[in-house]
Structure formats: C-alpha cells, structure tokens
Amino acid sequence: MIYRKLAIRIALRPPQPFMTVITLRVLDGADRGRVYADLAIPVTIGREEGNSVQLNDERISRYHIKIQEDQEKIVLTDLESTNGTRVNGEETHLRILRFGDVIDVGRSKLLYGTREQISARLEALKAAGAFQGDGGDLDRMTEQAESAPTGEFEQDWNDSEQLRSTLHIPSAPDLPEGLSPGQAAEVSELLEYLHLRARSLVQGLAPPDREGNVAFNYEQWQDLLDIQSQLAEYLQRIGDPEGE
C-alpha cells in the first residue's frame, strides 16, 4: 500500500521544467582552452568568485556580463562593465546570441555553442545560400567543427577568417513577438520614422553613373550621419535604459 501511494504521488507530480544549458569555450586569454559545458542559465561571467564563469583577467569587471533566456532566445547583457563587451567585433550592451558568436570581454575571447550546434548552424547557412564561397570549403569547416580535438578546433577557428565570417554574416532579425498593442505601436512608429528618413535620402540621390557609383552631396552625407547617430542613440538607450 505504501509503494502504491508513493507511485501515485510520483505520477501526479507536475513535470519538472526543462532546463536550458549553454556551452562556452575560451579561445584566447589566460584561461584559453577551458570549456564550460552545460551551464544552466542564467549565467554570469566575471573575475569575482560567485560568477558561473570566473575568468583570470584583470581587464574584466567583477561581474561583467549576464547570459539569460527570454522568450526562447539567449540574451547577453553587459552589466555596466568598465571595459565593455564585444560580440563578433561589435561593441554591445544587449545582444541575442547565436551559435558560433564570439564574445570578447577584457583580454578573453569566448566561443558560444558546442561543435555540434555550430556545425548545424553552418549547414543551415549553407542550405539558405548564405555561404558564397566553395561549398567544399564549408563542408571541410563543418567536419572540423564536429570532429577536431579542442586545441586544433580553437586554432582552426582563430586562423580561419572564412569560417568566422560565414557564421557572422548579418541577417535581418525577426520582429519581437508577444508585444502589447502599445508596444507594437511604438515599434511601428520607430520603424516608420527610420523608413521615411531613409526614403527621403534615397529619393534625393542622383542615379548611379555608368560605373555604378552614387555621389552624395554634403547635405545628404550629413543626413546619413544623422540617421546613424540616431540609431546609435536608440541602441544606447535600449542597452542602458537608466541612462547611467
């Protein structure tokens, strides 16, 4: 009878939530070669004890970045670090991570994803026609991502600009889902503003010459710089909403 009651309790127990885990590999820095596999998120990275990943790097802040899951996406947030964070060479405060992304913090370089995850992304990019080179080269790189020993894989990654650039081809992101009507209206207004400014700039340009060149006058050039400045301000405000 006791065993039967225990079995009933186990059967009625709600299923445990699926735990998302990530893998980070240190490509460069004092901890080069270390693999942090199956880290349960959220994950914090810094030089202080108590972080999920503690790195021996004096240029990293005590608590430098946080990686968490939000709406089934893996999001990196810079925790107001002193020296900043770069993903694929671009400075960032807030970023959705994709397998194969390279995170620079201090003097350390981290690769996001397992070999299998990166290999699958390479195959997906190949299927989508994103790779413009020799398909055989991509097949070779995919095999390296799957089977190379840790040290050899890291060396191939650091030496292969073609491999890195293949994974880091910019692509149009998806629009956010689950927005309230007010939030959707705000996003729509923002995109419409940028669309109208870009359209006005394009319509004011002269057609390309015979060699395909397009000339900007000084006013148009300043307008383009102002659009870039406005986008930079939006990115800053999104990454640091408190404005500190």
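In this convention, every chain numbers its residues from 1, walking through the sequence in written order. pLDDT decides what is reported in this predicted model: residues at 70 or higher carry local features, side-chain atom pairs at 80 or more are listed and counted, and totals for whole chains, interfaces and linings draw on all residues regardless. Each side-chain value is worked out from all heavy atoms of the structure, with water and hydrogens disregarded.

Draft legend 1. Region of the structure containing the side chain of Thr85. Tracing the backbone through its elements, the reader meets Thr85 in strand E7 (residues 85–87). Accessible area is worked out with a 1.4 Å probe on protein chains only. A residue is then buried under 20% of its type maximum, exposed over 50%, and partly exposed in between. Look at Thr85 and you get buried, because its relative accessible area is 1%. Distance and chemistry together define a polar contact, namely a pair of N or O atoms within 3.5 Å, with one atom able to donate a hydrogen and the other to accept it when in protein, and with adjacent residues in sequence counting only for side-chain atoms on both sides. A polar contact is formed between the side chain of Thr85 and the side chain of Asp78, at a distance of 2.5 Å. In contact with Thr85, other than residues within four places in its own chain, are His64, Ile65, Leu76, Asp78, Glu90, Glu91, Thr92, Ile103, Asp104 and Val105. Runs of E in the DSSP output that reach at least two residues are strands. Runs of H or I that reach at least four are helices, and both are numbered from the N terminus. What makes two residues a contact is simply this: any of their non-hydrogen atoms within 4.5 Å.

Draft legend 2. View of helix H6 (residues 181–203). One fewer than the residue count of a helix, multiplied by 1.5 Å, yields its expected span. Look at H6: 32 Å from first C-alpha to last across 23 residues, which is about the 33 Å you get at 1.5 Å a residue. The set of residues buried in H6 consists of Leu194, Arg197 and Leu201. Elements in contact with the buried residues of H6: helix H7 (218–239).

Draft legend 3. Expanded view of a nonpolar patch on the surface. Exposure above 30% relative accessible area and the lack of any salt bridge qualify a residue for a patch; like charges then connect within 9 Å, and the nonpolar side chains Val, Leu, Ile, Met, Phe, Trp and Tyr within 5 Å. For every accessible area listed, the method is Shrake-Rupley and the probe measures 1.4 Å; residues are considered covered only by the protein chains on display. Salt bridges are defined as contacts in which a side-chain nitrogen from Lys or Arg sits within 4 Å of a carboxyl oxygen from Asp or Glu. Taken together, the side chains of Val214, Phe216, Trp221, Leu224 and Leu225 make up a nonpolar region of the molecular surface, amounting to roughly 410 Å² of accessible area. Along the chain, Leu225 falls in helix H7.

Draft legend 4. Examining helix H2 (residues 115–127) more closely. End to end, H2 covers 18 Å across 13 residues, agreeing with the expected 18 Å (1.5 Å per residue, within 8%). All of the buried residues in H2 are Arg115, Ile118, Ser119, Arg121, Leu122 and Leu125. Axial view of H2: buried residues confined to an arc of 160 degrees, hence all on one face. Turned more than 90 degrees away from the buried face of H2 sit Glu116 and Ala127, all of them exposed. Working definition: the arc comes from the directions between the helix axis and the C-beta atoms, pointing outward to the latter.

Draft legend 5. Region of the structure containing the nonpolar core. Ranked by size, the top nonpolar core spans 21 residues in total, and within it Ile45, Leu55, Ile67 and Ile103 carry the most contacts. Of all the secondary structure elements, the ones that give two or more residues to this core are strand E1 (21–28), strand E2 (35–40), strand E3 (43–46), strand E5 (65–70), strand E6 (73–78), strand E10 (102–105) and strand E11 (108–112). Take this core: its biggest share by element is three residues, from E1. The residues touching Ile45, leaving out its near neighbours within four places in the chain, are Leu24, Asn51, Val53, Leu55, Tyr63, His64, Ile65, Ile67 and Leu110. Buried Ala, Val, Leu, Ile, Met, Phe, Trp, Tyr and Cys residues that are joined via side-chain atoms within 4.5 Å together make up what is termed a nonpolar core. Leu27, Val102, Ile118 and Leu122 belong to the second-largest nonpolar core, a separate cluster that totals five residues.

Draft legend 6. The pairing of E11, seen in detail. Taken across its five residues, E11 has four buried, putting it largely inside the fold. A pair of strands is treated as paired once DSSP finds two or more bridges between them. Relative to E11, E1 is paired through four bridges, and the arrangement is antiparallel. Considered in E11, the bridge of Val26 is made with Leu110. Two strands pair when backbone bridges link them, and E10 and E11 are joined in this way by four bridges, in the antiparallel orientation. From the neighbouring strand, Ile103 faces E11, where its bridge partner is Leu110. The antiparallel pairing of E10 with E11 creates a hairpin that spans two residues between the two strands, and Gly106 there sits at a positive phi of about 60 degrees.

Purely geometric stuff here, so don't read any function into it on its own.
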